[in-house]
Structures are given as structure tokens and as C-alpha cells.
Amino acid sequence: MATARGLFVSFEGGEGAGKSTQIRLLAENLRAKGHTVITTREPGGSPGAEALRHVLLSGAAEAFGVRMEALLFAAARADHLDCVIRPALARGDIVLCDRFVDSSRVYQGVTGNIEPLLMAALERVSIGTTMPDVTLVLDLSADVGLQRARKRAGEEAATAAPDRFEKEKLEIHEKRRQGFLDIASREPERCRVIDASLDQTRIASGILSEVLQVITRKAATPGDGGQAARS
Ligand code: TYD
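Below or above, wherever it landed, is the structure these notes cover. (Residues numbered from 1 in each chain as written. Predicted model: local features only at pLDDT ≥ 70, side-chain atom pairs only at ≥ 80, totals over all residues. Heavy atoms only, no water.)

Further remarks concern the packing of aromatic side chains. With the rule as written, the count across this model stands at 2 aromatic pairs. When the ring of Phe8 is compared with that of Phe100, the centres are 5.0 Å apart and the planes differ by 75 degrees; the resulting orientation is edge-to-face. One end of the pair, Phe8, is in strand β1 (residues 7-12); the other, Phe100, is in the loop between β3 (94-98) and α4 (101-110), and 92 residues separate them in sequence. In this pair, the class of Phe8 matches that of Phe100, namely buried. We note Arg77 situated over the ring of Phe100; from NZ or CZ to the ring centre the distance is 5.4 Å. (Phe/Tyr/Trp six-rings, centres within 6.5 Å; stacked < 30°, edge-to-face > 60°. Helix = DSSP H or I, 4+ residues; strand = E, 2+ residues; numbered from the N terminus. Buried < 20%, exposed > 50% of the residue type's maximum accessible area, 1.4 Å probe, protein only. Lys NZ or Arg CZ within 6 Å of the ring centre and 35° of its normal.)

Have a look at this one:
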């Protein structure tokens with residue numbers, strides 16, 4: 001279900017797909033058009049969720065199994081929504097979120113093999129009816145994505161060690177890519193698949209035009225327009 005006010009945009013895709021760059025460019029482009037934009041990320045985005053991010057990405061929770069990890073991702077998401085995302089949407093802001101529930105569906109549901117009933121229950125508890133208005137799936141072949149992610153990790157080796165998820169194998173990355181594409185084909189109203197192998201400027205202008213279309217459509221829907229939809 002779309003949010004009543006503001007605009008909620010999530011970015012999804014495998015490692016190395018260029019989400020952070022595209023979020024930064026979209027935020028700049030929308031601000032230049034007068035919109036109020038906040039950028040955030042998962043796991044994390046609020047103080048409580050950032051504490052859980054540390055537990056999850058350091059690998060500290062790994063020993064307790066994939067179900068425990070799935071619960072922690074869901075707990076982090078609930079806090080992030082309550083403390084950051086819903087208040088921003090209520091103000092009418094545009095929220096750009098680096099990963100959201102589709103990452104859990106793919107990383108925990110598809111490649112973590114968590115049973116669908118548990119995944120559905122966690123979604124109900126963590127997000128209720130707050131789904132993104134639009135989800136941009138940055139799609140890239142697994143080998144190119146991994147190469148880019150490794151390069152990035154090498155360049156930033158002094159400050160950022162690759163997390164445990166980044167160490168996983170190509171086959172898993174290919175499954176995840178397919179997982180995101182499957183979600184996009186099941187939910188074409190919400191999801192747009194973006195070819196992440198193009199150059200950054202072309203990707204950015206494609207994304208901007210998709211998001212502007214959603215803003216225009218939202219403005220035309222009675223009772224569904226906030227600041228994002230008006231300006
Ligand atoms: P991050 O450093 O933010 O990497 P990326 O640049 O790939 O977004 O790490 C987040 C990791 O957490 C990433 O490997 C995906 C994983 N993840 C899940 O497994 N489930 C989730 O619900 C979310 C939000 C992330």
C-alpha cells in the first residue's frame with residue numbers, strides 16, 4: 001500500500017550495483033527541484049537499528065542462525081520505520097532508502113531459505129502496511145557486481161573491511177539477482193528494473209524520470225498527495 005503523504009522510494013540490488021551513488025544523485029536532483037529529501041539505509045537508519053546493524057554485519061549474530069538474523073533485520077526495520085521513515089512521510093518528505101523489505105525477502109527468504117510463513121509474519125510485524133511507493137531494482141550481472149564490490153572494498157580497505165555477506169559466492173549472487181527480478185515481475189506496479197551496467201549519468205536520468213512520474217501520478221490521486229506530490 002502506498003503511503004498517504006510524502007513519497008517512499010527504496011533502492012534494491014546486489015553488492016556493487018551502485019545504489020549509494022544513485023541515491024546521492026537522485027537526492028541532489030530532487031532537491032534542485034525544491035523537494036525535501038532524506039536519505040537513509042538498512043539495516044540501520046535510526047539509533048536502535050544502527051546498533052543492530054553492527055551486530056548483523058560484524059557477523060556476531062551469524063552463530064545463532066539465519067532465523068535469528070531474520071528477526072534482527074525485522075526488528076531493525078520496525079524501529080527505522082517508527083523513528084525515521086513514517087515521521088518523514090507524515091511531514092510530506094521524500095524518503096530514499098538504501099535497501100528495504102525486498103532485501104530481507106531475497107537475502108533471508110531466498111538464499112537464507114527461511115520458510116515463507118515466517119517471512120510473511122516478520123513483514124506483518126515489522127512494516128504493517130508501509131510499503132515503498134516505488135522500488136528501484138538496480139540490476140547487474142553477478143560477476144560484474146562482485147568485481148565492482150571487491151574493487152570498492154580494496155580501495156577502502158583501510159577503513160571498511162568487506163562484511164560477511166560480501167564474502168559469499170557468485171552462485172548465491174546470481175540467485176539473489178533472480179530473486180529481485182522475480183519480485184519485480186510479481187509487483188510491476190511498485191518495482192522498476194534499472195539496467196545498472198549503463199553509465200551513471202544515464203542511470204540517474206532514467207531514475208529521476210521514473211520518480212517524477214510517480215510523483216505526478218500521486219498528485220493526481222485524490223487524498224494521496226503530500227509535499228512531494230504538490231511541488
Ligand atoms: P551494506 O554494507 O549496507 O551493503 P550494500 O552496499 O550491499 O547495501 O550491507 C548490508 C548487507 O546486509 C547486504 O549484504 C545485504 C544485507 N541485508 C540482508 O541480508 N537483509 C536485509 O533485510 C537487509 C536490509 C540487508
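Having seen the structure, we can now continue with the description.
Before going further, it helps to examine the site of the ligand. Around the ligand, the structure places 16 residues, and the nearest of them are Glu15, Lys19, Arg99, Ser104 and Gln108. Interatomic distance of 2.9 Å between a side-chain N/O atom of Arg77 and an oxygen atom of the ligand. Here an oxygen atom of the ligand and a side-chain polar atom of Arg99 are 2.7 Å apart. Residue assignment for the shell around the ligand shows that the elements contributing at least two residues are α2 (47-57), α3 (66-91) and α4. (Near = heavy atom within 4 Å. Polar contact = N/O pair within 3.5 Å; in protein donor to acceptor, adjacent residues only side chain to side chain.)

Turning our attention to the sheet that holds strand β4 (residues 134-139). If you walk across this open sheet you meet the 5 strands as β2-β3-β1-β4-β5, and the pairing is parallel. Lying at the two open borders of the sheet, with one neighbouring strand each, are β2 (37-41) and β5 (191-195). Taking the axes of each pair of neighbouring strands and ignoring which way they run, one obtains an average angle of 20 degrees across the sheet. In the sheet, β1 pairs with β3 via 5 bridges, with the strands oriented parallel. Directly across from Leu7, in β3, lies its bridge partner Ile94. (Pairing = 2+ DSSP bridges. Axes fitted to C-alpha atoms, helices over the stretch in contact; angles between N-to-C directions.)

Here we take up the packing of helix α1 (residues 19-32) against helix α8 (residues 200-219). Running from amino to carboxyl end, α1 crosses α8 at an angle of 55 degrees, the nearest separation of the two axes being 10 Å. Classed by the angle they form, the pair α1 and α8 counts as oblique. Between α1 and α8 the crossing geometry is right-handed. For the pair α1 and α8, the contacting residues are Thr21, Gln22, Leu25, Leu26, Asn29 and Leu30 in the first and Gln200, Ile203, Ala204, Ile207, Leu208, Val211, Leu212 and Ile215 in the second. Of the residues contributing to the contact of α1 with α8, the split by class is 10 nonpolar, 4 polar and no charged. (Parallel < 35°, antiparallel > 145°, perpendicular 65-115°, else oblique. Left-handed = near helix turned anticlockwise from the far one by under 90°. Contact = heavy atoms within 4.5 Å. Nonpolar A, V, L, I, M, F, W, Y, C, P; charged D, E, K, R; others polar.)

Its location among the elements puts Ile85 in helix α3. Distance in space between the C-alpha atoms of Ile85 and Val95 is 6.9 Å, their sequence separation being 10 residues. Those residues in contact with Ile85 that lie beyond four places of it in its chain are Phe8, His80, Val95, Cys97 and Phe100.

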